Amino acid sequence: MQTKTKVEQMTRITGKKSKQIFETNNYDQFSPIDENRVIIESHLKGLKDAIKLRDLGKSVPIIVNNEGEIFDGHHRFKARKELGLLIYYVNHPDLELEDVTLLNVKRRNWTYPEYARFYAKLFTKTNNSQYRNYPQFEEFKDHFELSDTQAINYFTLQRGGGKVREDFKSGVLESPDYERSVHLATFIDACMRNTAPIGALKTDQVRTAGYISALWFVFDQELIDNAKFTTSVSKGMKRFHPKTSRTTEKWLTFFEEEIIRSDLKKGNMFPELKDLDPLWLTQLYLKERN
């Protein structure tokens, strides 16, 4: 009777072998595709340290096509190459460019800029209209120096929610009105800069979600002249820079009491609002929210 090995005795799972894992030290036959992520040095260093501690390379092979293009695992490849170790790989001969995102889209270690860069390059190479908005998105984000989520929200004109960000990662990016997105970003950016103390671009008080949400709500009101509002913020910067944090509702009330009503009393701004309830903006917000 044949005696089982220690590994066979410990293994409780069964299955049929599907893909064969290859190994080689011929590094020159592999090449990370340009559309994949750029090398992040901190991540590379962490991988090398982990490999030195315990090498599990055979358990996480890189994925390549027949040409040796690396579709998944370019950090692992570079780490093992620099350490002079064998490369373990699985060959999927039918991989295409779009498959990069299928291999990575559910992984949390991809950043929004990496997704944007990939889809922008994918559009350049394939001319697939699905990805047409990503090159413009990259320009939009860089021009206004926005955070990732701000850029996505402004560009899509969606105030928030996880779905729009998940769509972004999946290669779906809508731009219903790009010109309006530009006006929105310009308005909010100008108000934030004018609110900050002299010599500072922005402060913690004006980077809060409540402040930005309130400005967006103001922007959407046809009765309020955005240019006038921005000017008024600039003129009243000292009183407009409170040290207390506020919710969207409290910011809107602050706008009405300290900006709009104050200038109405002077008679040189917002005359079109003089017959409205002093807190009409706040009340409108509460009504729409409920």
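Nothing here was measured: the structure is a model prediction, and the numbers come from that model.

### Some thoughts on the overall build of the protein
Point 1. Along the protein, the regular secondary structure elements total 13 helices and five strands.
Point 2. Per-residue burial over the protein gives 41% buried out of 290 residues.
Point 3. Long-range pairs, those at least 24 residues apart, make up 68% of the contacts in the protein with a sequence separation of at least 6.
Point 4. Carbon together with sulfur atoms contributes 49% to the accessible area of the protein, which is approximately 17,300 Å² in total.

### So, the pattern of salt bridges
Point 1. Considering all chains together, one arrives at ten salt bridges under this definition.
Point 2. Between Arg 80 and Asp 55 there is a salt bridge, and its shortest N-O distance comes to 2.7 Å. With Arg 80 in helix H3 (residues 74-82) and Asp 55 in the loop between helix H2 (41-53) and strand S3 (62-64), the pair connects residues that are 25 residues apart, well separated along the chain.
Point 3. For Arg 80, a relative accessible area of 6% puts it in the buried group.
Point 4. Between Arg 159 and Asp 220 there is a salt bridge, and its shortest N-O distance comes to 2.5 Å. Of this pair, Arg 159 sits in the loop between helix H7 (148-156) and helix H8 (162-169) while Asp 220 is found in the loop between helix H10 (209-219) and helix H11 (226-235), placing the two residues 61 residues apart along the sequence.

### A look at the sheet that holds S3
Point 1. Across the sheet, five strands lie side by side as S1-S5-S3-S4-S2; this open sheet has mixed pairing. Looking at which strands have only one partner, the edges of the open sheet turn out to be strand S1 (22-24) and strand S2 (31-32).
Point 2. Judged from the two bridges that link them, S3 and strand S4 (residues 69-72) form a sheet pairing that is antiparallel. Paired with Ile 63 across the bridge in S4 is Asp 72.

### Side note on the packing of H2 against H3
Point 1. Contact geometry for H2 and H3: axes closest at 9 Å, N-to-C directions at 60°. Classified by the interaxial angle, the pair formed by H2 and H3 is oblique. Remark: the crossing between H2 and H3 carries right-handed chirality. Contacts from His 43, Leu 44, Leu 47, Lys 48 and Ile 51 in H2 reach His 75, Arg 76, Lys 78, Ala 79, Arg 80 and Glu 82 in H3.
Point 2. Here the contact of H2 with H3 is composed, by residue class, of four nonpolar, two polar and five charged.

### Re the environment of Asp 28
Point 1. Here Asp 28 is to be found in the loop between S1 and S2.
Point 2. For Asp 28, a relative accessible area of 73% puts it in the exposed group.
Point 3. Taking the C-alpha atoms as reference points, Asp 28 and Lys 81, 53 residues apart in sequence, are found 10.0 Å from one another.

### Let's talk about the pairing of strand S5 (residues 87-91)
Point 1. Counting buried positions along S5 yields four of five residues, so the element is predominantly enclosed.
Point 2. Pairing of S1 with S5, which is carried by three bridges, proceeds in the antiparallel orientation. Looking at the pairing, Phe 22 lines up with Tyr 89 of S5.

### Some thoughts on the pairing of S4
Point 1. As defined by bridge partners, S2 adjoins S4 across two bridges and the pair is classed as parallel. By the bridge assignment for S4, Ser 31 is matched with Glu 69.

### Focus on the packing of helix H5 (residues 112-126) against H8
Point 1. Across the interface, H5 lies against H8 with an axial gap of 9 Å and an inter-helix angle of 45°. By the angle between their axes, H5 is oblique relative to H8. Mapping the contact onto sequence places Tyr 112, Tyr 115, Ala 116 and Tyr 119 in H5 and Arg 165, Phe 168 and Lys 169 in H8.
Point 2. Of the residues belonging to the contact of H5 with H8, the class tally is five nonpolar, no polar and two charged.

### Considerations on the nonpolar core
Point 1. Of all hydrophobic cores here, the largest spans 51 residues; its most connected members are Tyr 154, Phe 168, Ile 188, Leu 215, Ile 224, Phe 229 and Phe 255.
Point 2. Tallying contributions element by element places H10 first for this core, with eight residues.
Point 3. Leaving out residues up to four positions away in the same chain, Tyr 154 has contacts with Phe 140, Leu 146, Ser 181, Leu 184, Ala 185, Ile 188, Ile 212 and Trp 216.
Point 4. Tyr 27, Ile 62, Ile 87 and Tyr 89 belong to the second-largest nonpolar core, a separate cluster that totals eight residues.

Criteria and cut-off values
- Residues numbered from 1 in each chain as written.
- Predicted model: local features only at pLDDT ≥ 70, side-chain atom pairs only at ≥ 80, totals over all residues.
- Heavy atoms only, no water.
- Helix = DSSP H or I, 4+ residues; strand = E, 2+ residues; numbered from the N terminus.
- Buried < 20%, exposed > 50% of the residue type's maximum accessible area, 1.4 Å probe, protein only.
- Contact = heavy atoms within 4.5 Å.
- Areas by Shrake-Rupley, 256 points an atom, 1.4 Å probe, with all protein chains shown as cover.
- Salt bridge = Lys/Arg side-chain N within 4 Å of Asp/Glu carboxyl O.
- Pairing = 2+ DSSP bridges.
- Axes fitted to C-alpha atoms, helices over the stretch in contact; angles between N-to-C directions.
- Parallel < 35°, antiparallel > 145°, perpendicular 65-115°, else oblique.
- Left-handed = near helix turned anticlockwise from the far one by under 90°.
- Nonpolar A, V, L, I, M, F, W, Y, C, P; charged D, E, K, R; others polar.
- Core = buried A, V, L, I, M, F, W, Y, C linked by side-chain atoms within 4.5 Å.

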